[in-house]
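If you want the building blocks of each chain, they are given just below.
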Amino acid sequence: MKKTKFNFEILHRPRRLRRTESLRRMVQETDLLARHLVLPVFITDQKKGSEIKSMPGVSRLNEIEMLKAAEQALHLGIPALALFPHITDSKKSANAAESKNPKGLLPQSIRRLKKEFPELTLITDVAMDPYSTDGHDGIVKK
């Protein structure tokens, strides 16, 4: 046993299982691969996508851009998309009525993605904040 300058004893523990890359891969407990990831996709009902000012480098995607992002994600091995809708203010209301529209942005996007990429896993939220004028997750009663 060795002694440090602080007078602690140090045991020598050889790391036999870390010696080679092959051994490390064989005995590792955790790994992070593309198949473990979910790509967040911010979608818009506008003809043209737009940058999200509060998230530099991140944009809201229109339908064509969304399909391209999905195709690229699958090509990279990412099996899932989390969709976050952004609708125009004119479609927002106090009771978030647009959230129940079967022809709305989110349902249409889901149908289109599943038609083009049936193997894709889609994750959505049931929150009403994208559809309400006050931005709350639920309906606010006075």
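Structure shown above.
In this report, we go over the structure that sits alongside the text. This is a predicted model, so every value here is computed, not measured. (Residues numbered from 1 in each chain as written. Predicted model: local features only at pLDDT ≥ 70, side-chain atom pairs only at ≥ 80, totals over all residues. Heavy atoms only, no water.)

## What about the nonpolar core?
Next, step 1: Ranked by internal contacts, the top residues of the largest apolar core, which has 19 residues, are Val41, Ile43, Met66, Leu81, Leu83 and Leu113.
Next, step 2: Broken down by secondary-structure element, the contributors of at least two residues to this core are β3 (38-44), α2 (63-76), β6 (80-86) and α3 (105-116).
Next, step 3: Per-element tally for this core: the top contributor is α2, with 5 residues.
Next, step 4: For leucine 81, the contacting residues outside a window of four places in its chain are Val38, Leu39, Val41, Ala70, Ala73, Leu113, Leu120, Thr121, Leu122 and Ile123. (Core = buried A, V, L, I, M, F, W, Y, C linked by side-chain atoms within 4.5 Å. Buried < 20%, exposed > 50% of the residue type's maximum accessible area, 1.4 Å probe, protein only. Helix = DSSP H or I, 4+ residues; strand = E, 2+ residues; numbered from the N terminus. Contact = heavy atoms within 4.5 Å.)

## As for the side chain of serine 109
Next, step 1: Tracing the backbone shows serine 109 in helix α3.
Next, step 2: Under the relative-accessibility criterion, serine 109 is labelled buried at 6%.
Next, step 3: Here leucine 105 takes part through its backbone oxygen, which lies 2.7 Å from a polar atom of the side chain of serine 109.
Next, step 4: Setting aside its immediate chain neighbours within four residues, serine 109 contacts Ile43 and Met66. (Polar contact = N/O pair within 3.5 Å; in protein donor to acceptor, adjacent residues only side chain to side chain.)

## Description of the sheet that holds strand β5 (residues 59-61)
Next, step 1: Spatially, β4-β5-β3-β6-β7 is the arrangement adopted by the 5 strands of the open sheet, whose pairing is mixed. Each end of this open sheet is capped by a strand with a single partner; those strands are β4 (50-51) and β7 (121-123).
Next, step 2: Of the pairings in the sheet, the one linking β4 to β5 comprises 2 bridges and is antiparallel in character. Its bridge partner being in β5, glutamate 51 is matched across the sheet by serine 59.
Next, step 3: Those strands touched by α2 are β3, β5 and β6, and its axis lies near 100 degrees from that of β5. (Pairing = 2+ DSSP bridges. Axes fitted to C-alpha atoms, helices over the stretch in contact; angles between N-to-C directions.)

## Considerations on the environment of glutamate 71
Next, step 1: Relative to the helices and strands, glutamate 71 resides in helix α2.
Next, step 2: Classification of glutamate 71 by relative accessible area gives partly exposed; the value is 48%.
Next, step 3: Residues glutamate 71 and phenylalanine 117, 46 residues apart in the sequence, show an inter-C-alpha distance of 7.8 Å.

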